[in-house]
Amino acid sequence: MSRDLLVEIDGLNKHFPVRGGTVKAVQDVSFAIHRGETVGLVGESGSGKSTLGRLLLRLIEPTSGEITFDGQSVSGARARELRALRRRMQMIFQDPYASLNRYFTIERTLTEPLHLHGIGRNADERRRIAAEMLEKVGFGPEVLQRYPASFSGGQRQRIGICRALMLRPDLVVADEPVSALDVSVQAQVLNILGDLRAEMNLTMLFITHDLAVVRQIAHRVVVLYLGRVMEIGPVEAMFDCAAHPYTETLVAAAPSIDHVIRPAELVGEIPNPLSPPSGCPFRTRCAHAVSACASADMSLREIAPNRFTSCIRAAAPGAFGQAPGVQVPA
Amino acid sequence: MSEHEPVLSVQDLRVDFSIGGAFVPALEGVSFDVARGETLAVVGESGSGKTITSLALMNLLGARGARRQGRAILHRASGPVDLLAQSERAMCDIRGAEIAMIFQEPMTSLNPVQTVGDQICEAIILHEKCKRKEALERAGDLVALVRMPDPKRQLRAYPHQLSGGMRQRVMIAMALSCSPRLLIADEPTTALDVTIQAQILWLLRELQEKLDMGMIFVTHDLGVVNQVASRVCVMYSGQIVEQGPVRQVFDTPSHPYTRGLIRSIPRGRSAARLYALPGRVPPIAARPRGCLFAPRCQHALDGLCTTERPAPVEVAPGHAARCKRLDHLPAFERAPADVA
């Protein structure tokens, strides 16, 4: 095992029993995150991206599979070990209004994790640590005595980031941290995250549905669809040339001020997660689908250096339909 | 051709809200035209006044002490009427029939205990005084028009049985039920996934052309504007700060706010820092005198920009910006991150 890997996820599954069946929210997901790396987790609603983020911190229990953090098993950790691990992995949430306790001063919100983990000798010292961290997200110490209500959405999100970093974690799972923000505020928050990542040598799992944001912040991207990994690859290579038709569709459908979407690029609805299509779950919307896709094995193949895809028809990034060894009926 | 025949002409619309006993302006000097077969996008961040604009036109601001001034001339087949001067009763005949509206969250806009068919029929029966059977037939046509598969079955469905995209299609079908001259769409795709959003945007574009409607498309997303509209109004703090053809405004934005907004969109290679507008939108009760954007503007001059609101200045035919320093601004450059 490489020492360079901070997180390893192996064969992870999460099934939710619901009325009328089982939703397989995460299915056989495996990937690793290197130290200091930011991995973008991209997908539409129902893709399992938030579930995966929560599984990683063991906020919910996996159905099966293994998660390793810095060589230690997260999935097998007992309560005591888990507590020690949690100090090193933190989360930033999407909604800056719901994720801060409105009855707590900023000081209390920020020093609570220090209390819980026994950091700082007394209140003064903890306050000093909080003020130091606040400075990193652009606030003076005077905000310590204020309540969340007196801050805008962007400011609250900076406080949420500050809270996540109070324990100087190695890993941060950021679940749609800028999706609720206006574009100009989003830019401020993304810049702060980028700066702090470099300064504190953070490893990040950045969950988002927004491809422009992922392109801005991530080094590598994992594309999920209905609980399955469709593609894994370096961010720029993926944007230049997708290795899965679903990625191609996502890139084409993103509204941009630089191009107009063509209607041919979008078909169909996202299938019901209770009864997803067999084989490749994207085949019902895929322009390149053939009958073999209905029984396709969804394991990832490396079709170019560091480019992994589950598409059986991908011969090379951007080239679909000529995969060797696949029988295409006439 | 009806290309330039205006459907709606808004002149100097002003809305004041009563806050703590005093009237505070929420919208000032809002003027624009929408022609038949044209989509005008109204784009702005939270608090810019984009939604207040659409609600003011429909007289849906509610009884919270809102005062409206100015004119909003709707050109009906029977002649022009000023929307701001209509009684509530008269507005009831206009809303739904002449101007229809669709909203962001289709689930909260639909009645959960009524079938889709019944909900579409309601407006038809109300405005066109026809029988239920006839209305149901119309509803079937409308559901097919918005490209919902298996229209007959869809009419019997309840909203919770439909996906977000299908619910928004139902909303669009309802909005189109009385062939309105003007459709106001307020963030209709914001709650949808990106592939579904693209489908709905395409559908709206297609329908608007086919039915020769005017459309006002309210959104916070400049990328979405580019997909649906031919002209755009950029709003900031209750004013339209820049207005013009979409391509022109995006390629050569004039107002410093528009420029900042465009530059803060992430679209380059990673690692580069994004441009971030300094400061924040002033709260409604603490708006500055002079140019609303001056406190955040690097080009603002004390005195010139801080005494009165700038009037719109035309920079090209049909393209205007409210800025007194247009002649002194450098040529617009996109963020360096964008240069590949």
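Worth saying up front: this structure is predicted, and the values here are computed from it rather than measured.

1. Examining the pairing of strand β5 (residues 79-82) of chain B
Residues and elements named next belong to chain B.
Move 1: Pairing between strand β4 (residues 66-76) and β5: four bridges, direction antiparallel. Bridging across to β5, L74 finds its partner in V81.
Move 2: Here β4 hands over to β5 after two residues, the two strands then running antiparallel side by side.

2. Remarks on helix α11 (residues 256-263) of chain B
Move 1: Most of α11(B) sits out of view: seven of its eight residues are buried.
Move 2: Every buried residue of α11(B) is listed here: P256(B), Y257(B), T258(B), R259(B), G260(B), L261(B) and I262(B).
Move 3: Next to the buried residues of α11(B) lie α6 (183-200) of chain A together with α9 (222-228), β9 (231-236), β10 (239-245) and α10 (246-251) of chain B.

3. Notes on empty space enclosed by the protein
Residues and elements named next belong to chain B.
Move 1: On inspection of all chains with the given rule, the structure shows eight cavities of 30 Å³ or more.
Move 2: If you add up the space inside the largest cavity, you get close to 100 Å³.
Move 3: If you trace the largest cavity, you find 15 residues lining it, with C291, C297, C305, C323 and K324 closest to the centre.
Move 4: Classifying every residue of the lining of the largest cavity by side-chain character gives 11 nonpolar, two polar and two charged.

4. Points about the pattern of salt bridges
All names here are of chain A.
Move 1: Counting across every chain of the model gives 27 salt bridges over all chains.
Move 2: Here D70 ties to R88 by a salt bridge, and the two come within 2.6 Å at their closest N and O atoms. With a gap of 18 residues between them, D70 in the loop between β4 (64-69) and β5 (72-73) and R88 in the loop between α2 (79-86) and β6 (89-92) connect regions that are remote in the sequence.
Move 3: A cluster of three or more residues bridged by salt bridges with shared partners is formed by R35, D70, R88 and D170.

5. Here's the deal with the domain arrangement of chain B
All names here are of chain B.
Move 1: As assigned here, chain B comprises domain 1 (6-229) and domain 2 (236-338).
Move 2: In this structure, domain 1 and domain 2 have C-alpha centres spaced 29 Å apart.
Move 3: On the domain 2 side, the residues contacting the 18 residues of domain 1 number 18 residues.
Move 4: Roughly 1,600 Å² of surface becomes buried between domain 1 and domain 2 when both sides are summed, with 56% attributable to carbon and sulfur atoms.
Move 5: Ranking the residues of domain 1 by area buried against domain 2 places E28, E45 and L222 at the top, with a combined share of 37%.
Move 6: Our count for the contact surface shared by domain 1 and domain 2 stands at one salt bridge.
Move 7: Between E28 and R309 there is a salt bridge; the shortest N-O distance is 2.9 Å.
Move 8: Along the contact surface separating domain 1 from domain 2 lie nine residue pairs in polar contact (both at pLDDT 80 or more).
Move 9: Those elements that place two or more of their residues in the side of domain 1 that touches domain 2 are β1 (6-19), β2 (22-35) and α9.

6. Section: the state of the cysteines
A covalent bond bridging the sulfur atoms of two cysteines is what the word disulfide describes.
Move 1: Inspection of every chain in the model, using the stated rule, returns zero disulfides over all chains.
Move 2: Cysteine C286(A) remains unbridged, with the sulfur of C311(A) as its closest cysteine sulfur at 6.2 Å.
Move 3: C305(B) supplies the cysteine sulfur nearest to C291(B), a cysteine that is in no disulfide, at a spacing of 6.2 Å.
Move 4: For C291(B), a relative accessible area of 12% translates into the label buried.

Scoring rules and cut-offs
- Residues numbered from 1 in each chain as written.
- Chains lettered and ligands numbered in written order.
- Predicted model: local features only at pLDDT ≥ 70, side-chain atom pairs only at ≥ 80, totals over all residues.
- Heavy atoms only, no water.
- Pairing = 2+ DSSP bridges.
- Helix = DSSP H or I, 4+ residues; strand = E, 2+ residues; numbered from the N terminus.
- Buried < 20%, exposed > 50% of the residue type's maximum accessible area, 1.4 Å probe, protein only.
- Contact = heavy atoms within 4.5 Å.
- 1 Å grid on protein atoms, 1.4 Å probe; cavity = no way out; pocket = protein on both sides within 12 Å on 5 of 7 lines; lining within 4 Å.
- Points joined across faces, edges and corners; volume = space filled by probe spheres on them.
- Nonpolar A, V, L, I, M, F, W, Y, C, P; charged D, E, K, R; others polar.
- Salt bridge = Lys/Arg side-chain N within 4 Å of Asp/Glu carboxyl O.
- Domains from an automatic or database assignment.
- Buried area = accessible area lost by both parts, 1.4 Å probe.
- Polar contact = N/O pair within 3.5 Å; in protein donor to acceptor, adjacent residues only side chain to side chain.
- Disulfide = S-S within 2.5 Å.

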